[in-house]
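# Notes for the structure review
Take a look at the letters that make up each chain.
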Amino acid sequence: MKPGITISPSVACADFRHLEKDIRTLEECKVDFLHIDIMDGTFVPNFSLDFSLMRMLREMTSIPLECHLMVVNPERYIAKTAESGAQFITIHAESTFNVQRALVAIRESGVRSGIALNPATPVNVLEHILDDLDMIVVMMVNPGFAGQKMIPSMLEKITRVRKLIDDRGLDNIIIQVDGNVSIENIPLMIEAGATMLVGGTSSVFRIDHSISESVEAIRTLIKKHKSNQDQ
Ligand code: DX5
Ligand code: ZN
């Protein structure tokens, strides 16, 4: 059964001058997850959040944490990420020689497993690991930085992933989109088959709107998509 469309604000894009206030607002907006970007400066040329922040968030809120590991050899960090409170751990298909083993290790740590595909990575890498997956992340930008523009051809990639899992009756697998998930792009992304939206600087944390307004705008787009489907 295809999951409902959920919202996962990217904590790395929150205003750290008042992080707790933003988290309380996100609780009031009843967002579904918090997206936790962890970067190692090697897999991506940047750094972001860390495990101590995850543990602080775990104590601060009950919103489930879904963790995006943009690190080489992520198998080194699966136990630590699970202990820090992740409900999902997403690794990159390009980040380890042992993708299937790493996905099994994630599930064995009691956490749901995700695989992220960089823009240049073809969908067929998923072919033999679909049974090990709870989530597939289609990167709409090259990972590592907020504020980028969606690569248009990624929309068709969402459609291909959607078809791949639907044809196998695995439509319970979540398709997450990450990168420039903007108010303009969301209708295209959900039309293509995305079911989890990572809200960053182009949606949830837009500078010219409050978080509540932005989450409400996303919810309206999701409702519109659903009502179009029901017609
Ligand atoms: C990309 C990051 C995301 C996202 C941020 O590596 O993982 O958190 O791009 O959102 P935007 O793209 O809207 O600033
Ligand atoms: Zn991310």
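Look up: the structure comes first, before these words.
Overview of the structure. (Residues numbered from 1 in each chain as written. Chains lettered and ligands numbered in written order. Predicted model: local features only at pLDDT ≥ 70, side-chain atom pairs only at ≥ 80, totals over all residues. Heavy atoms only, no water.)

### A short note on the overall build of the protein chain
Looking only at helices and strands, the protein chain features seven helices and eight strands. C-alpha extents for the protein chain along the principal axes are approximately 45 × 40 × 30 Å. Here the protein chain, with 231 residues, has 56% of them falling under the buried criterion. Residue pairs at least 24 apart in sequence account for 62% of intrachain contacts in the protein chain once pairs closer than 6 positions are excluded. For the protein chain, the exposed surface amounts to about 10500 Å²; the carbon and sulfur share of it is 54%. Averaged over its 23 positive side-chain charges, the protein chain has a centre that lies 2 Å from the centre of its 30 negative ones. (Helix = DSSP H or I, 4+ residues; strand = E, 2+ residues; numbered from the N terminus. Buried < 20%, exposed > 50% of the residue type's maximum accessible area, 1.4 Å probe, protein only. Contact = heavy atoms within 4.5 Å. Areas by Shrake-Rupley, 256 points an atom, 1.4 Å probe, with all protein chains shown as cover. Lys, Arg positive; Asp, Glu negative; His and termini not counted. Charge placed at Lys NZ, Arg CZ, Asp CG, Glu CD.)

### A word on the sheet that holds strand β2 (residues 34-39)
Pairing within the open sheet is parallel, and its eight strands lie in the order β1-β8-β7-β6-β5-β4-β3-β2. The open sheet is flanked by β1 (6-9) and β2, the only strands paired with a single partner. Between one strand axis and the next, the sheet turns through 25° on average, direction left out of account. Pairing analysis gives two bridges linking strand β7 (residues 174-178) to strand β8 (residues 196-199), with the strands arranged parallel. Across the sheet, residue V177 finds its bridge partner in β8, namely L197. Of the strands in this sheet, β1 and β8 touch helix α7 (residues 211-230), which is tilted by about 155° from β1. (Pairing = 2+ DSSP bridges. Axes fitted to C-alpha atoms, helices over the stretch in contact; angles between N-to-C directions.)

### Some remarks on the layout of surface pockets
By volume, the largest pocket is sized at about 310 Å³. Put simply, the parts of the chain that give the lining of the largest pocket at least two residues each are β2 and β3 (65-70). Considered class by class, the residues forming the lining of the largest pocket number twelve nonpolar, 13 polar and two charged. (1 Å grid on protein atoms, 1.4 Å probe; cavity = no way out; pocket = protein on both sides within 12 Å on 5 of 7 lines; lining within 4 Å. Points joined across faces, edges and corners; volume = space filled by probe spheres on them. Nonpolar A, V, L, I, M, F, W, Y, C, P; charged D, E, K, R; others polar.)

### Topic: the coordination of the zinc ion (ligand 2)
For the zinc ion (ligand 2), the protein coordination sphere consists of H35 (NE2), D37 (OD), H68 (ND1) and D178 (OD), at 2.1 to 2.2 Å. Spacing between the donor residues of the zinc ion (ligand 2) along the chain follows H-x1-D-x30-H-x109-D. With H68 in strand β3 and D178 in strand β7, this residue pair connects regions lying 110 residues apart in the sequence. There is no split in this pair, since H68 and D178 are both buried. (Donors = N, O, S within 2.8 Å, 3.2 Å for Na, K, Ca; no water.)

### Observations regarding the environment of M150
Here M150 shows up in the loop between β6 (135-139) and α5 (154-167). C-alpha separation for the pair M150 and P119, spaced 31 residues apart in sequence, amounts to 10.0 Å. Contacts of M150, omitting those with residues within four sequence positions, involve M140, V141, L155, N180, N185 and M189.

Any functional reading would require information that these geometric values do not contain.
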